[in-house]
There are 2 protein chains.
Amino acid sequence: MNLPPMGDSALFPARELDTPALLVDLDRLDANIQRMAAAARKAGVSLRPHCKTHKCPEIARMQIAAGAEGITVAKLSEAEMFADEGFDDIFIAYPIIGEHKLRRAARLGGQIRLIVGVDSFEGALGLVKACDREGVNVAVRVEVDLGLNRSGVAPDKAVDLVQNVIDLGLDLDGLYGYRGSGYPGATGTLAERGRQEADLLLGVAEACRARGIKIKHVSLGSTPTGIAAAQVPGITEIRPGTYVFHDNMQVAQNVCTPADVALTIAVTVVSRPAPDLATVDAGSKTLAGDIVPAGAGLTGYGQVVEIPGAYVARMSEEHGVIQLPPGAEVKIGDRLHLIPNHVCTAVNLSDVLYGVRDGQVETIWPVMARGMRG
Amino acid sequence: MNLPPMGDSALFPARELDTPALLVDLDRLDANIQRMAAAARKAGVSLRPHCKTHKCPEIARMQIAAGAEGITVAKLSEAEMFADEGFDDIFIAYPIIGEHKLRRAARLGGQIRLIVGVDSFEGALGLVKACDREGVNVAVRVEVDLGLNRSGVAPDKAVDLVQNVIDLGLDLDGLYGYRGSGYPGATGTLAERGRQEADLLLGVAEACRARGIKIKHVSLGSTPTGIAAAQVPGITEIRPGTYVFHDNMQVAQNVCTPADVALTIAVTVVSRPAPDLATVDAGSKTLAGDIVPAGAGLTGYGQVVEIPGAYVARMSEEHGVIQLPPGAEVKIGDRLHLIPNHVCTAVNLSDVLYGVRDGQVETIWPVMARGMRG
């Protein structure tokens, strides 16, 4: 793999790395982690960061050290990896469905404090059977659909499902939802969206309590709306993920400034197909295909740090064609740095992240939970 | 990783695999490989399949066994992997730029017959210096821009670059280009596009010959246009990639029928957010974000094999929200199979492919050149 030795002993100039390479600005990463932890502390809520963004145990350890009370993941393979790495309080914010996954979840529940998502009676029933077979119990949070229409029980059916979960003998830990900022029909400022999201979920929590059901946790995402949601009394936990690195989507929504973006992709100009075009060695197999929603004022698949106004206008798998602004001087062999639109999918395409400070690579982190094992 | 043992001894029902899982229909794969090999043979051209599609040595071996004379890859890390696996005739159809890559290319050129792309004087000069330092030579093909405007020298400047390559002492092997079917301003049938593409590149070859330059190979992609291009006298080689598996993009262009598609993604229905929606455990980290170009009559991010008219309408990272046609009966826990829009980027997201025949997993292939090492 032509990689230098792993671990803290690595210390060499980042400019010596071959491209494409995902560089993490360690100072910015640390500042982002501290800022979100402080915001959660100030709001009096738990922080359970979503680690699907980085899939790196070392970064999750930094989040825990800054005050996170546990971690969130999107799938069992991520939970299994983090458990292997010593994390003992993990929430899989996803419905666990199917015999394989139920068995894996039950086994993992015998090893660590595991919380899993449930959004259907079928899911709850499968889980209780799997737990019985393994002789363990896992904590359950019922997912409520807050308007994304992708998973979660409808709010008006949530109380019944919560009751089912209790009747089946599962250990109810609370409610959770995710809507983020880009749900259908989104209106208002991000702060307003966060508060609306919180009100929706708290309404379900109140309905449960009115039926005498104890709801411990009321948990919400996300990086753009989480801090506002955390201010609403009754919300107990937030699960932002992207904030560790930020990306074009967060910049476009004014969630952060470009100076907060902690992950960039070092690329090399390999061709100049036209005076206003420069092609770099990073395409859809490096940047991923996510686009910033229309209207946010950002075009293309990635922005160029060194050249304001330059962006990746087209991609093939290994080619990124950059549209240059008039007068930009770029030559073959130049090294540029791209900000991806969506950092979570870009990280998922890379074997490793390079932790950089003052231009030196200080550490190399494998993206350990890559792959597609469900 | 919870994987069964690797190798030919694996034999178990595919339905026992956890999802998401990339399943390769071994009979269809074999038929696709044989069909393209026969078409190239019939046209009298060499076949040098593009292995970025699968990144699997075993599949490349099947292609060689069927008559391919060498392989094509998109980047050095792929070439290095295939060389480690015993492949000794590899074309990197990409400009090699930057000190690291030039050194790696020169070293690899000392081990196998390596051909690399050149589309600029800077690239040619870098290559000759790196080869001199390592005391080796690598063969060079000059890339001509056939209208994609992403890499390749403009046709009217190609002869001069070819002359530069010769003057620098590099070993000229010929010309290559790629335009595929979806270039800007594409018109005509696929066969017409293939013939136009061939005529463009042959025009440059003729201009070189008129200057007394010997052009051995005139090489073109692709799965949609390659066979038509191969019919044009003077074309010596084609480099299709996707044909081993096919995908929605090929179906949409009538390059194949759905019955030829050899790779599907087994998924599980995890939620039913609405009567006309079913959410499965495969999103943008499984299917990739490629869309079928507008006008091709295919909407969304993936088609559902079992339900005509159903397609993945929206994706999050681990959620695929399927729009169901009226009357479709789908319940939580159901297993479905998706055809991805673009198989190359979907394969790039998976650790392994499962080779299936008659419902049994016969083999497990690691996608060996995954990652982003340039």
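Cut-offs used in this document
Residues numbered from 1 in each chain as written. Chains lettered and ligands numbered in written order. Predicted model: local features only at pLDDT ≥ 70, side-chain atom pairs only at ≥ 80, totals over all residues. Heavy atoms only, no water. Helix = DSSP H or I, 4+ residues; strand = E, 2+ residues; numbered from the N terminus. Rg over C-alpha atoms; globule rule 2.2 N^0.38 Å. Buried < 20%, exposed > 50% of the residue type's maximum accessible area, 1.4 Å probe, protein only. Contact = heavy atoms within 4.5 Å. Areas by Shrake-Rupley, 256 points an atom, 1.4 Å probe, with all protein chains shown as cover. Lys, Arg positive; Asp, Glu negative; His and termini not counted. Charge placed at Lys NZ, Arg CZ, Asp CG, Glu CD. Least-squares fit on C-alpha atoms with pLDDT ≥ 70 in both. Pairing = 2+ DSSP bridges. Expected span 1.5 Å × (residues − 1). Buried area = accessible area lost by both parts, 1.4 Å probe. Salt bridge = Lys/Arg side-chain N within 4 Å of Asp/Glu carboxyl O. Phe/Tyr/Trp six-rings, centres within 6.5 Å; stacked < 30°, edge-to-face > 60°. Core = buried A, V, L, I, M, F, W, Y, C linked by side-chain atoms within 4.5 Å. Axes fitted to C-alpha atoms, helices over the stretch in contact; angles between N-to-C directions. Parallel < 35°, antiparallel > 145°, perpendicular 65-115°, else oblique. Left-handed = near helix turned anticlockwise from the far one by under 90°. Nonpolar A, V, L, I, M, F, W, Y, C, P; charged D, E, K, R; others polar.

Chemist: Help me get a handle on the overall build of chain A, residues and values and all.
Modeler: Within chain A, the secondary structure is distributed over 11 helices and 18 strands. For chain A, whose C-alpha radius of gyration is 22 Å, the value lies close to the compact-globule estimate of 21 Å for 374 residues. For chain A, the C-alpha atoms occupy an extent of roughly 70 × 45 × 35 Å along the three principal directions. Taking all 374 residues of chain A together, the buried fraction comes to 63%. Within chain A, residue pairs in contact and separated by at least 24 positions form 68% of the contacts whose partners lie at least 6 positions apart. Accessible surface, chain A as shown: approximately 13300 Å² in total, 51% of it carbon and sulfur. Within chain A, the 44 negative side-chain charges are centred at a point lying 3 Å from the centre of the 36 positive side-chain charges.

Chemist: Report on the relation of the copies chain A and chain B, specifying residues and quantitative values.
Modeler: When chain A is fitted to chain B, the best match, at an RMSD of 0.0 Å, comes from turning it 180° and sliding it 0.0 Å along the axis. In symmetry terms, the pair is related by a two-fold rotation axis. Of every C-alpha in chain A, the one belonging to Gly289(A) sits nearest the axis of rotation, 2.4 Å from it. The fraction of interface residues of chain A whose copies in chain B are also interface residues reaches 100%, indicating that both copies meet through the same surface.

Chemist: So what's going on with helix H4 (residues 99-109) of chain A? Residues and values would help.
Modeler: Within H4(A), burial applies to Lys101(A), Leu102(A), Arg104(A), Ala105(A), Ala106(A), Leu108(A) and Gly109(A). Each element contacted by the buried residues of H4(A) is listed here: helix H3 (76-84), strand S6 (113-118) and helix H5 (121-134) of chain A.

Chemist: Mind laying out the sheet that holds strand S5 (residues 89-95) of chain B, listing which residues take part and the relevant values?
Modeler: Read from one edge to the other, the open sheet built from eight strands follows the order S3-S10-S9-S8-S7-S6-S5-S4 (chain B), with strand pairing classed as parallel. Edge strands, defined here as strands with exactly one partner in the open sheet, are strand S3 (46-47) and strand S4 (71-73) of chain B.

Chemist: Outline helix H5 (residues 121-134) of chain B, supporting the account with residue identities and numerical values.
Modeler: With 14 residues, H5(B) extends 20 Å from end C-alpha to end C-alpha; this agrees with the ideal 20 Å at 1.5 Å per step. For H5(B), the full list of buried residues reads Gly123(B), Ala124(B), Gly126(B), Leu127(B), Val128(B), Ala130(B) and Cys131(B).

Chemist: A description of unusual backbone geometry should follow, citing residues and the corresponding values.
Modeler: Of note, the bond from Thr19(A) into Pro20(A) is cis; its omega dihedral lies within 30 degrees of zero at -5°. Of note, Pro20(A) is situated in the loop between strand S1 (12-13) and strand S2 (21-25). The backbone of Asn149(A) sits at a positive phi, close to 60°, despite the residue not being glycine. With respect to the element layout, Asn149(A) can be found in the loop between strand S7 (139-143) and helix H6 (155-167). Since its relative accessible area comes to 29%, Asn149(A) is described here as partly exposed. The residue Asp358(B) is not glycine, and still its phi comes out positive at about 50°. The residue Asp358(B) is located in the loop between strand S17 (352-357) and strand S18 (360-366) in this model.

Chemist: Now, about the interface of chain A and chain B: what can you tell me, with residues and values included?
Modeler: Size of an interface, as often reported, equals the accessible area lost when the parts are brought together. Contacts between the two partners involve 62 residues from chain A and, on the opposite side, 62 residues from chain B. Contact between chain A and chain B buries roughly 5100 Å² in total, counting both sides, with carbon and sulfur atoms accounting for 51%. At the boundary of chain A and chain B, one finds 10 salt bridges. One salt bridge connects Arg104(B) with Asp18(A), and the closest N-O pair in it is separated by 2.6 Å.

Chemist: Now, about the sheet that holds strand S8 (residues 171-177) of chain A: what can you tell me, with residues and values included?
Modeler: Paired through backbone hydrogen bonds, the strands of a sheet run either parallel or antiparallel to each other. All names here are of chain A. Taken in spatial order, the eight strands make up an open sheet running S3-S10-S9-S8-S7-S6-S5-S4, and their pairing is parallel. Unpaired on one side and paired on the other, strand S3 (46-47) and strand S4 (71-73) mark the two borders of the sheet. With five bridges joining them, strand S5 (residues 89-95) and S6 adopt parallel strand pairing. Each residue of the ladder has a partner; that of Asp89, found in S6, is Arg113.

Chemist: Describe the packing of aromatic side chains, with residues and values.
Modeler: Residue and element names in this part refer to chain B. In this structure the tally under the stated criterion is four aromatic pairs over all chains. A ring pair is formed by Phe82 and Phe87, whose centres lie 5.3 Å apart and whose planes are at 90°; its orientation type is edge-to-face. Taking 4.8 Å as the distance between ring centres and 90° as the angle between the ring planes, the aromatic pair formed by Phe91 and Tyr176 counts as edge-to-face. One end of the pair, Phe91, is in strand S5; the other, Tyr176, is in strand S8 (residues 171-177), and 85 residues separate them in sequence. Tyr176 sits in the buried class, given a relative accessible area of 1%.

Chemist: How would you summarise the side chain of His217(A) if you had to cite specific residues and measurements?
Modeler: Structurally, His217(A) is set in strand S9 (residues 217-220). Beyond its immediate chain neighbours, meaning those up to four positions away, His217(A) contacts Ser46(A), Arg141(A), Asp173(A), Gly174(A), Leu175(A), Thr236(A) and Glu237(A).

Chemist: Could you give me a rundown of the nonpolar core, with the residues and numbers involved?
Modeler: Within the largest apolar cluster, 103 residues are counted, with the highest numbers of intra-cluster contacts made by Leu29(A), Ile90(A), Phe245(A), Leu338(A) and Leu353(A). Residues within four places of Leu29(A) in sequence aside, it is in contact with Val24(A), Ile59(A), Met62(A), Val244(A), Phe245(A), Ala262(A) and Trp365(A). Residues Val128(B), Val138(B), Ala229(B) and Val267(B) belong to the second largest nonpolar core, which totals 102 residues.

Chemist: Describe the packing of H6(A) against helix H7 (residues 190-210) of chain A, listing the residues and the values that go with them.
Modeler: Residues and elements named next belong to chain A. Orientation of H6 relative to H7, taken along the N-to-C sense of each, is 40°, at an axis distance of 9 Å. On the basis of the axis angle, H6 is oblique to H7. As H6 runs across H7, the sense of the crossing is right-handed. Contacts between H6 and H7 pair Pro155, Ala158, Val159 and Val162 from the former with Val204, Ala207 and Cys208 from the latter. Its residues assigned to classes, the contact of H6 with H7 comprises seven nonpolar, no polar and no charged.

Chemist: Got a sec to walk through the environment of Val140(A)? Specific residues and values, please.
Modeler: All names here are of chain A. Secondary-structure assignment places Val140 in strand S7. Taking relative accessible area as the criterion, Val140 reaches 0% and is therefore assigned buried. Along the backbone, Val140 and Ile115 are 25 residues apart, and their C-alpha atoms lie at a distance of 5.3 Å. Apart from residues no more than four positions distant in its own chain, Val140 is found in contact with Ile115, Val116, Val118, Leu127, Val165, Leu170, Asp171, Leu172, Asp173 and Gly174.

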